[in-house]
Amino acid sequence: MQPIELAKTRKRERIPQGVRFDVFRRDNFTCVYCGRGSPEVTLHCDHKLAHSKGGSDDKENLVTACEDCNFGKGAKNVNRAPSVRVKNDAGLVGLFGHRLDEDGHIHNQFSIIGMAGSDTCIIQLFSFLDGSSTVVEMVDVSDIRGDCYRLYATERAFKMAYWEEKERRGPLRNKTAEEAYEMSVWFSKRIAA
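Going by what an unreviewed UniProt entry lists, the protein is known as HNH nuclease domain-containing protein and is assigned to Rhizobium leguminosarum.

### Digging into unusual backbone geometry
Keep in mind that most residues, glycine aside, have a negative phi and that most peptide bonds are trans. A positive phi angle is found at Asn 28, which is not glycine, with a value near 60 degrees. A relative accessible area of 55% means that Asn 28 is categorised as exposed. Positive phi, normally seen in glycine, also occurs at Phe 29, with a value near 50 degrees. With a relative accessible area of 31%, Phe 29 lands in the partly exposed category.

### Quick look at the pattern of salt bridges
Counted under the stated rule, the structure contains seven salt bridges. In this structure, Arg 25 engages Asp 22 in a salt bridge whose closest nitrogen and oxygen atoms are separated by 2.9 Å. Here Arg 25 and its partner Asp 22 are both found in helix α1 (residues 17–26), three residues apart, which amounts to about one turn of the helix. Looking at Arg 25, the relative accessible area reads 46%, which means it is partly exposed. Between Glu 155 and Lys 159 there is a salt bridge; the shortest N-O distance is 3.1 Å. One end of the pair is Glu 155 and the other is Lys 159, both in helix α4 (residues 155–169) and four residues apart, which spans about a single turn. Residue Glu 155 is classed as partly exposed on the basis of its relative accessible area of 28%. Bridged by salt links that share partners, the residues Asp 22, Arg 25 and Lys 59 form one connected network.

### Looking at the environment of Leu 95
Within the element layout of this structure, Leu 95 appears in the loop between α2 (67–73) and β3 (96–100). In this structure Leu 95 comes out as buried when scored by relative accessible area, which is 19%. Linking Leu 95 and Ile 113, residues 18 residues apart in sequence, is a C-alpha distance of 8.1 Å. If near-sequence neighbours (up to four positions away) are discounted, Leu 95 is found in contact with Ser 111, Ile 112, Leu 151, Tyr 152 and Ala 153.

What counts and how
Residues numbered from 1 in each chain as written. Predicted model: local features only at pLDDT ≥ 70, side-chain atom pairs only at ≥ 80, totals over all residues. Heavy atoms only, no water. Buried < 20%, exposed > 50% of the residue type's maximum accessible area, 1.4 Å probe, protein only. Salt bridge = Lys/Arg side-chain N within 4 Å of Asp/Glu carboxyl O. Helix = DSSP H or I, 4+ residues; strand = E, 2+ residues; numbered from the N terminus. Contact = heavy atoms within 4.5 Å.

Listed below in C-alpha coordinates is the structure:
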(Lines give C-alpha, C1' and ligand atoms only; values in the text may rest on other atoms or scores of the structure.)
Protein backbone atom coordinates (compact mmCIF):
# COMPACT_ATOMS: atom_id res chain seq x y z
CA MET A 1 0.00 0.00 0.00
CA GLN A 2 1.39 3.39 -1.00
CA PRO A 3 1.47 6.29 1.46
CA ILE A 4 -1.10 9.00 0.92
CA GLU A 5 0.37 12.38 0.04
CA LEU A 6 -1.29 15.32 1.71
CA ALA A 7 -1.85 18.41 -0.39
CA LYS A 8 0.68 21.10 0.44
CA THR A 9 -0.75 24.46 1.31
CA ARG A 10 0.97 27.34 -0.40
CA LYS A 11 2.69 29.70 1.97
CA ARG A 12 1.21 33.15 1.60
CA GLU A 13 3.88 35.77 0.98
CA ARG A 14 3.25 39.47 1.43
CA ILE A 15 2.84 41.30 -1.87
CA PRO A 16 5.93 43.51 -2.29
CA GLN A 17 5.37 47.22 -1.64
CA GLY A 18 6.53 48.18 -5.16
CA VAL A 19 4.03 45.80 -6.79
CA ARG A 20 1.23 47.10 -4.57
CA PHE A 21 2.05 50.71 -5.49
CA ASP A 22 2.16 49.86 -9.22
CA VAL A 23 -1.30 48.26 -8.98
CA PHE A 24 -2.71 51.25 -7.05
CA ARG A 25 -1.22 53.69 -9.57
CA ARG A 26 -2.54 51.66 -12.55
CA ASP A 27 -6.05 51.78 -11.00
CA ASN A 28 -5.78 55.51 -10.15
CA PHE A 29 -5.79 54.83 -6.39
CA THR A 30 -9.48 53.90 -6.73
CA CYS A 31 -11.38 50.74 -5.72
CA VAL A 32 -12.38 48.91 -8.92
CA TYR A 33 -15.53 47.57 -7.21
CA CYS A 34 -17.15 50.64 -5.65
CA GLY A 35 -15.23 53.61 -7.07
CA ARG A 36 -14.08 55.04 -3.71
CA GLY A 37 -10.49 56.13 -3.48
CA SER A 38 -7.65 57.18 -1.26
CA PRO A 39 -7.58 58.92 1.21
CA GLU A 40 -11.33 58.36 1.77
CA VAL A 41 -10.79 54.60 2.25
CA THR A 42 -7.94 52.21 3.00
CA LEU A 43 -6.82 50.49 -0.20
CA HIS A 44 -5.79 46.83 -0.56
CA CYS A 45 -4.42 44.70 -3.39
CA ASP A 46 -7.11 42.15 -4.20
CA HIS A 47 -6.65 38.97 -6.22
CA LYS A 48 -8.96 38.55 -9.24
CA LEU A 49 -8.50 34.79 -8.85
CA ALA A 50 -8.23 34.22 -5.11
CA HIS A 51 -4.90 33.12 -3.68
CA SER A 52 -6.68 30.15 -2.07
CA LYS A 53 -7.88 29.07 -5.53
CA GLY A 54 -4.39 29.19 -7.04
CA GLY A 55 -4.25 32.87 -8.03
CA SER A 56 -0.81 34.42 -8.33
CA ASP A 57 0.61 37.67 -6.98
CA ASP A 58 1.34 38.93 -10.52
CA LYS A 59 0.13 42.46 -11.33
CA GLU A 60 -2.24 41.01 -13.95
CA ASN A 61 -4.08 39.10 -11.19
CA LEU A 62 -4.21 42.05 -8.79
CA VAL A 63 -6.65 44.96 -8.62
CA THR A 64 -7.14 47.85 -6.22
CA ALA A 65 -9.95 47.31 -3.72
CA CYS A 66 -11.07 49.27 -0.68
CA GLU A 67 -11.00 47.47 2.65
CA ASP A 68 -14.80 46.96 2.71
CA CYS A 69 -14.98 45.49 -0.80
CA ASN A 70 -11.92 43.30 -0.29
CA PHE A 71 -13.04 41.81 3.03
CA GLY A 72 -16.69 41.63 1.94
CA LYS A 73 -15.80 39.80 -1.26
CA GLY A 74 -13.53 37.12 0.19
CA ALA A 75 -12.43 33.95 -1.61
CA LYS A 76 -16.02 32.75 -1.97
CA ASN A 77 -16.84 35.54 -4.43
CA VAL A 78 -14.02 35.12 -6.92
CA ASN A 79 -16.32 35.81 -9.87
CA ARG A 80 -17.37 39.29 -8.80
CA ALA A 81 -16.63 41.51 -11.76
CA PRO A 82 -15.09 44.96 -11.25
CA SER A 83 -17.52 47.76 -11.93
CA VAL A 84 -17.38 50.16 -14.81
CA ARG A 85 -15.36 53.05 -13.42
CA VAL A 86 -17.06 56.33 -14.18
CA LYS A 87 -17.49 59.51 -12.21
CA ASN A 88 -19.77 59.13 -9.21
CA ASP A 89 -21.78 62.24 -10.08
CA ALA A 90 -24.96 60.82 -8.56
CA GLY A 91 -23.18 60.20 -5.22
CA LEU A 92 -24.55 56.65 -5.10
CA VAL A 93 -21.55 54.39 -5.76
CA GLY A 94 -20.50 52.58 -2.59
CA LEU A 95 -23.91 52.80 -0.89
CA PHE A 96 -25.76 49.72 0.33
CA GLY A 97 -29.48 49.17 -0.06
CA HIS A 98 -32.62 47.10 0.20
CA ARG A 99 -35.29 46.69 -2.44
CA LEU A 100 -38.73 46.53 -0.86
CA ASP A 101 -41.69 44.38 -1.85
CA GLU A 102 -45.25 45.70 -2.39
CA ASP A 103 -45.90 45.52 1.39
CA GLY A 104 -42.84 47.63 2.18
CA HIS A 105 -40.79 44.70 3.56
CA ILE A 106 -37.19 44.00 2.60
CA HIS A 107 -37.08 41.82 -0.51
CA ASN A 108 -33.47 42.08 -1.84
CA GLN A 109 -30.16 43.38 -0.53
CA PHE A 110 -27.51 45.02 -2.70
CA SER A 111 -24.65 47.46 -3.01
CA ILE A 112 -24.18 50.03 -5.75
CA ILE A 113 -20.89 49.09 -7.43
CA GLY A 114 -20.82 51.52 -10.35
CA MET A 115 -22.62 53.78 -12.76
CA ALA A 116 -23.43 53.21 -16.43
CA GLY A 117 -23.84 56.78 -17.54
CA SER A 118 -25.37 59.39 -15.26
CA ASP A 119 -28.83 57.83 -14.87
CA THR A 120 -28.20 54.08 -14.41
CA CYS A 121 -26.76 52.34 -11.33
CA ILE A 122 -24.99 48.98 -11.45
CA ILE A 123 -26.03 47.03 -8.35
CA GLN A 124 -24.60 43.80 -6.93
CA LEU A 125 -27.28 41.67 -5.26
CA PHE A 126 -26.36 39.50 -2.25
CA SER A 127 -27.75 36.26 -0.86
CA PHE A 128 -29.61 36.55 2.46
CA LEU A 129 -28.32 33.10 3.41
CA ASP A 130 -24.58 33.67 3.36
CA GLY A 131 -24.00 37.20 2.06
CA SER A 132 -22.32 36.00 -1.13
CA SER A 133 -22.79 37.96 -4.32
CA THR A 134 -25.45 36.63 -6.67
CA VAL A 135 -26.27 38.71 -9.75
CA VAL A 136 -25.52 42.17 -11.08
CA GLU A 137 -28.39 44.36 -12.31
CA MET A 138 -28.75 47.80 -13.85
CA VAL A 139 -31.34 50.07 -12.24
CA ASP A 140 -32.43 53.63 -13.08
CA VAL A 141 -31.27 56.26 -10.59
CA SER A 142 -34.87 57.52 -10.35
CA ASP A 143 -35.96 54.04 -9.18
CA ILE A 144 -33.11 53.80 -6.63
CA ARG A 145 -34.21 57.14 -5.19
CA GLY A 146 -37.89 56.10 -5.18
CA ASP A 147 -40.09 54.58 -2.47
CA CYS A 148 -39.24 50.95 -3.34
CA TYR A 149 -35.59 51.27 -2.23
CA ARG A 150 -33.77 52.17 0.99
CA LEU A 151 -30.15 53.30 0.88
CA TYR A 152 -27.49 53.17 3.63
CA ALA A 153 -24.05 54.77 3.88
CA THR A 154 -22.42 51.91 5.81
CA GLU A 155 -22.58 48.13 5.69
CA ARG A 156 -23.40 48.04 9.41
CA ALA A 157 -26.44 50.33 9.00
CA PHE A 158 -27.57 48.22 6.05
CA LYS A 159 -27.33 44.96 8.04
CA MET A 160 -28.89 46.46 11.17
CA ALA A 161 -31.92 47.60 9.13
CA TYR A 162 -32.50 43.97 8.13
CA TRP A 163 -32.36 42.75 11.74
CA GLU A 164 -34.51 45.66 12.97
CA GLU A 165 -37.21 44.67 10.49
CA LYS A 166 -36.99 41.05 11.70
CA GLU A 167 -37.33 42.33 15.29
CA ARG A 168 -40.42 44.43 14.39
CA ARG A 169 -42.06 41.49 12.63
CA GLY A 170 -41.39 39.16 15.59
CA PRO A 171 -39.26 36.28 14.28
CA LEU A 172 -36.22 37.03 16.49
CA ARG A 173 -37.78 35.38 19.59
CA ASN A 174 -36.33 37.14 22.64
CA LYS A 175 -33.35 38.66 20.82
CA THR A 176 -32.86 42.30 20.01
CA ALA A 177 -31.81 43.39 16.53
CA GLU A 178 -28.39 44.32 17.97
CA GLU A 179 -27.93 40.81 19.46
CA ALA A 180 -29.02 39.18 16.20
CA TYR A 181 -26.62 41.40 14.24
CA GLU A 182 -23.69 40.56 16.55
CA MET A 183 -24.54 36.86 16.28
CA SER A 184 -24.59 37.08 12.46
CA VAL A 185 -21.18 38.82 12.46
CA TRP A 186 -19.75 36.09 14.70
CA PHE A 187 -21.27 33.38 12.50
CA SER A 188 -19.92 34.98 9.31
CA LYS A 189 -16.42 35.06 10.79
CA ARG A 190 -16.68 31.40 11.80
CA ILE A 191 -17.72 30.37 8.27
CA ALA A 192 -14.93 32.44 6.70
CA ALA A 193 -12.25 30.87 8.94
